[in-house]
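If you want the building blocks of each chain, they are given just below.
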Amino acid sequence: MRAAGQVVAQTLQAVRAAAVPGVRLRELDDLAQTIIREAGARSPFLGYQPSWAPTPFNGVLCLSPNEIVVHGKPNGRRLRDGDLLSIDCGAIVDGWNGDAAITVRVGEARYDDDRLVTAAEQALQAGIAAAVPGATLLDVASAVDAVARRHGFTHLPDHGGHGIGREMHEPPFVPNEPTRDAARHRLRAGNTIAIEPMLHAGGSRYRTKKDGWSIATADGKRAAHVEHTVAVTDTGPEILTATTSR
Ligand code: MG
Ligand code: MG
C-alpha cells in the first residue's frame, strides 16, 4: 500500500503543477493515465461503476471544479483563472490500493478559496492525528468536524472516507461528522483507512448533475475535498499517500 500510495502522491503532484488556466480536464486525466501506467500501476477509478452510477467512470482522476464537491468527470472543460479544482486519484500496485485527493487553486486564488482549502487541509490533518490504536472512528470524525465548525464550513452530508486495502472501498465507513456507528468502530494497528473531508461554505444540500456522477452544492457555493490513505500503527498514523521529498 505504501507503493500504491507513492504512485498516487506523485500523480497528484504532477497534475497539480499542470492545472493551469487553459488546460482541459481531459488533458489532466491523460497526464495521470501516463504516470500511473509508467509506474506499473493500475487505476481503480477507470471503469469503476458502483450501484448508484449510471455509467462506468471514464478516467483515472475525479476532477471536480468549483461547486462540484466530488466525482467530477474528466471532460473537455478548460480550466479558468480563479477556478478551484478538487483532484482525486487512486492507484493499485500488486493488488493493493492507494487513494488521495487535493484541492488546488488555478491561477490567481480567491481569498475565500484559500480559507476553505486551509480549513479542509487542517480538518484532514486533525482526523489523521486521531487515527491511533484504541481510538474509535468517532474520535476521527469529531476531530475533522471540530476544525470544520471552527472555520464555519459545512460537510457534504452522507459522504465520507472508507476502509481501503485489496479494494479501494472497504468497510468501515469513515464519517466526517459524529455518528452513533462511528463510536462502535475501534481502530487497531494495521488498519488502513481513507480520511476525506469535503467542505463548503453554503447549506448542506447537494444535487447530482446530469452526468450521473458529479455531486454539486445545491446553492452553487464552492467546495474543497482533500484525502489521504492512512495506516494505523503502534508508532502513530502513517500517511501512505504523502509526497516524500527526494
Ligand atoms: Mg479518493
Ligand atoms: Mg476515497
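The rules we used
Residues numbered from 1 in each chain as written. Chains lettered and ligands numbered in written order. Predicted model: local features only at pLDDT ≥ 70, side-chain atom pairs only at ≥ 80, totals over all residues. Heavy atoms only, no water. Donors = N, O, S within 2.8 Å, 3.2 Å for Na, K, Ca; no water. Helix = DSSP H or I, 4+ residues; strand = E, 2+ residues; numbered from the N terminus. Buried < 20%, exposed > 50% of the residue type's maximum accessible area, 1.4 Å probe, protein only. Pairing = 2+ DSSP bridges. Core = buried A, V, L, I, M, F, W, Y, C linked by side-chain atoms within 4.5 Å. Contact = heavy atoms within 4.5 Å. Expected span 1.5 Å × (residues − 1). Polar contact = N/O pair within 3.5 Å; in protein donor to acceptor, adjacent residues only side chain to side chain. Axes fitted to C-alpha atoms, helices over the stretch in contact; angles between N-to-C directions.

**Remarks on the coordination of the magnesium ion (ligand 2)**
1) Next: Note on the magnesium ion (ligand 2): its protein donors are Asp99 (OD), His162 (NE2), Glu196 (OE) and Glu227 (OE). The metal-donor distances range over 2.1 to 2.2 Å.
2) Next: Between the magnesium ion (ligand 2) and the magnesium ion (ligand 1), a spacing of 3.1 Å is present, and a bridge between the two is formed by aspartate 99. Within this pair, whereas aspartate 99 is found in strand S4 (residues 96-105), its partner glutamate 227 is found in the loop between strand S12 (223-225) and strand S13 (228-233), the two being separated by 128 residues in sequence.
3) Next: For aspartate 99, a relative accessible area of 2% puts it in the buried group.

**Some words on the pairing of strand S7 (residues 170-175)**
1) Next: By the bridge criterion, four bridges tie strand S6 (residues 160-163) to S7 in an arrangement that is antiparallel. When the bridges of S7 are listed, histidine 162 appears paired with phenylalanine 173.
2) Next: The antiparallel pairing of S6 with S7 creates a hairpin that spans six residues between the two strands.

**Thoughts on the nonpolar core**
1) Next: Counting 27 residues, the largest nonpolar core has Ala131, Leu137, Val140, Leu187, Ile193, Ile195 and Leu199 as its most contacted members.
2) Next: Looking at this core, the elements that each hand over two or more residues are helix H3 (111-129), helix H4 (137-151), strand S8 (192-195) and S13.
3) Next: By residue number, the principal contributor to this core is H3, which donates seven residues.
4) Next: Sequence-distant contacts of leucine 199, that is, excluding residues within four places in its chain, are made with Leu116, Ala119, Ala120, Ala148, Phe153, Thr154, His155, Arg222, Ala223 and Ala224.
5) Next: Judged by nonpolar contacts, the second largest core, of 25 residues, contains Val7, Ala41, Cys89 and Ala91.

**Considering H4**
1) Next: Under the 1.5 Å per step criterion, the end-to-end length of H4 is 22 Å for 15 residues, consistent within 8% with the ideal 21 Å.
2) Next: Considered for burial, the residues of H4 that qualify are Leu137, Val140, Ala141, Ala143, Val144, Asp145, Val147 and Ala148.
3) Next: In this structure, the buried side of H4 is in contact with H3, strand S5 (154-155), S7, helix H5 (180-184), S8 and strand S9 (198-200).
4) Next: One side-chain oxygen at the N-terminal end of H4 lies 3.1 Å from the backbone nitrogen of leucine 138; it belongs to threonine 136.
5) Next: Following H4 by one or two positions, glycine 152 has its phi on the positive side, about 80°.

**Brief notes about unusual backbone geometry**
1) Next: Along the chain, proline 171 connects to proline 172 via a cis peptide bond; the corresponding omega equals 0°.
2) Next: Its location among the elements puts proline 172 in strand S7.
3) Next: The phi angle at asparagine 66 is positive, at roughly 55°, despite the residue not being glycine.
4) Next: On the basis of relative accessibility, which here comes to 9%, the residue asparagine 66 falls in the buried class.
5) Next: Residues other than glycine seldom take positive phi values, yet aspartate 94 does so here, at roughly 50°.
6) Next: Assignment of secondary structure puts aspartate 94 in the loop between strand S3 (84-93) and S4.

**Side note on the sheet that holds S3**
1) Next: Overall, antiparallel pairing links the three strands, which are arranged S1-S3-S4 in an open sheet. Each edge of the open sheet is held by one strand with a lone partner, namely strand S1 (61-65) and S4. Taking each pair of neighbouring strands and ignoring which way they run, the sheet shows an average axis angle of 10°.
2) Next: Where S3 lies against S4, ten bridges are found, and the strand directions are antiparallel. Bridged to isoleucine 87 within S4 is isoleucine 102.
3) Next: The strands touched by helix H2 (residues 25-38) are S1 and S3; relative to S1, the strand with the most contacts, the crossing angle is about 155°.
4) Next: Packing against the sheet, H3 makes contact with S3 and S4, and its axis sits at approximately 155° to S4.

In short, the description is geometric, and any link to function would need to be established separately.
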